[in-house]
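Coordinate inspection notes
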Amino acid sequence: MYYVVETNKGFDQAAADLEAAIVRNGFGVLHVHDLGATLRGKGVAFERECKVFEVCNPRQAARVLAVDMRLNMALPCRVSVYTEAGGTRIGMIEPVAMLAMLSTDPALAQVAQEVQAVVMRSIDEAV
């Protein structure tokens, strides 16, 4: 259900490399949430780093929405770079597993497989 890899890179370098890999593989980065900074800014003692990248391929998103508009709630894909146990990790919830919980439509399963392959490749390239 989760695809998580550890990298020897520092947090900032891993985040920059992930963003470049996402773009290189035909997806766009819609927004980056710096959860660590947000929590600290709200007065929460949070020592880790965590950035969540909202990524999307417009053609793939349109295919999903054409079949079931309710799935807008599962879009865009989210990929995280975070620190844990002294290391840096990059991960996501696998689109195939997530979509299987939301739909049994075979056309959507195909889109999820395509998206998952590209995003996994992007994560692997960033490591």
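Definitions and cut-offs
- All chains use their own residue numbering, which begins from 1 and follows the written sequence.
- Only residues with pLDDT of at least 70 are given local features in this predicted model, and only at 80 or more are side-chain atom pairs given and counted; all residues enter the totals for whole chains, interfaces and linings.
- As a rule here, side-chain values come from all non-hydrogen atoms in the structure, and water together with hydrogens is ignored.
- The secondary structure listing takes helices from DSSP runs of H or I that are at least 4 residues long and strands from runs of E that are at least 2 residues long, numbered from the N terminus.
- In this description the radius of gyration comes from C-alpha coordinates, and the expected globular size is given by 2.2 Å times residues to the power 0.38.
- Residue exposure (1.4 Å probe, protein chains only): buried if accessible area is under 20% of the type maximum, exposed if over 50%, otherwise partly exposed.
- The contact definition used throughout considers only heavy atoms, calling two residues in contact when any of these lie within 4.5 Å.
- Here the rule is simple: two strands pair whenever DSSP picks up at least two bridges between them.
- Geometry is summarised by axes, namely lines fitted to C-alpha atoms with helices restricted to the contacting stretch, and by angles between N-to-C directions that run from 0 to 180 degrees.
- By the definition adopted for this analysis, an angle is roughly parallel if under 35 degrees, roughly antiparallel if over 145, roughly perpendicular if from 65 to 115, and oblique otherwise.
- Crossing chirality is assigned from the near helix's rotation relative to the far helix, an anticlockwise turn below a right angle marking it left-handed and a clockwise turn marking it right-handed.
- Asp, Glu, Lys and Arg are counted as charged, while Ala, Val, Leu, Ile, Met, Phe, Trp, Tyr, Cys and Pro are counted as nonpolar; the rest, among them Gly, fall into the polar class.
- Note on terminology: pairs of cysteine sulfur atoms within 2.5 Å are recorded as disulfides.

1. Some remarks on the overall build of the chain
- Helix and strand counts for the chain stand at five helices and five strands.
- Each helix and strand of the chain, placed in order from N terminus to C terminus, yields the pattern β-α-β-α-β-α-β-β-α-α.
- Its C-alpha atoms give the chain a radius of gyration of 15 Å, near enough to 14 Å, the size a compact globule of 127 residues would have.
- Each of the three principal axes of the chain carries a C-alpha extent, and together these read 40 × 30 × 25 Å.
- Looking at the 127 residues of the chain, the share that counts as buried comes to 41%.
- Considering only intrachain contacts with a sequence separation of at least 6, the fraction spanning at least 24 residues in the chain is 67%.

2. Considering the sheet that holds strand β3 (residues 50-56)
- Here five strands make up an open sheet; going across it, the order is β1-β5-β4-β3-β2 and the pairing antiparallel. Looking at strand neighbours, the two that pair on one side only are β1 (2-7) and β2 (28-34), the edges of this open sheet. Neighbour-to-neighbour, the strand axes of this sheet turn through a mean angle of 20°, independent of strand direction.
- The sheet contact formed by β3 and strand β4 (residues 77-84) spans six bridges and is antiparallel. Within β4, the position partnered with E54 by the bridge is R78.
- The strands touched by helix α5 (residues 106-126) are β1, β4 and β5 (87-93); relative to β5, the strand with the most contacts, the crossing angle is about 175°.

3. Observations regarding the packing of helix α1 (residues 11-24) against α5
- In contact at an axis separation of 8 Å, α1 and α5 are set at 140° when each is read in the N-to-C sense. One way to sum up the angle between α1 and α5 is to call them oblique. For the element pair α1 and α5, the recorded crossing hand is right-handed. Between α1 and α5, the contacting residues are A14, D17, L18, A21, I22 and R24 on the first element and S122, I123, E125 and A126 on the second.
- In terms of residue class, the contact of α1 with α5 is built from six nonpolar, one polar and three charged.

4. Describing the state of the cysteines
- For the structure shown, the criterion picks out zero disulfides.
- No disulfide involves C56; its nearest neighbouring cysteine sulfur is the one of C77, lying 7.3 Å away.
- Residue classification places C77 among the buried positions, given a relative accessible area of 18%.

These figures capture arrangement, not role.
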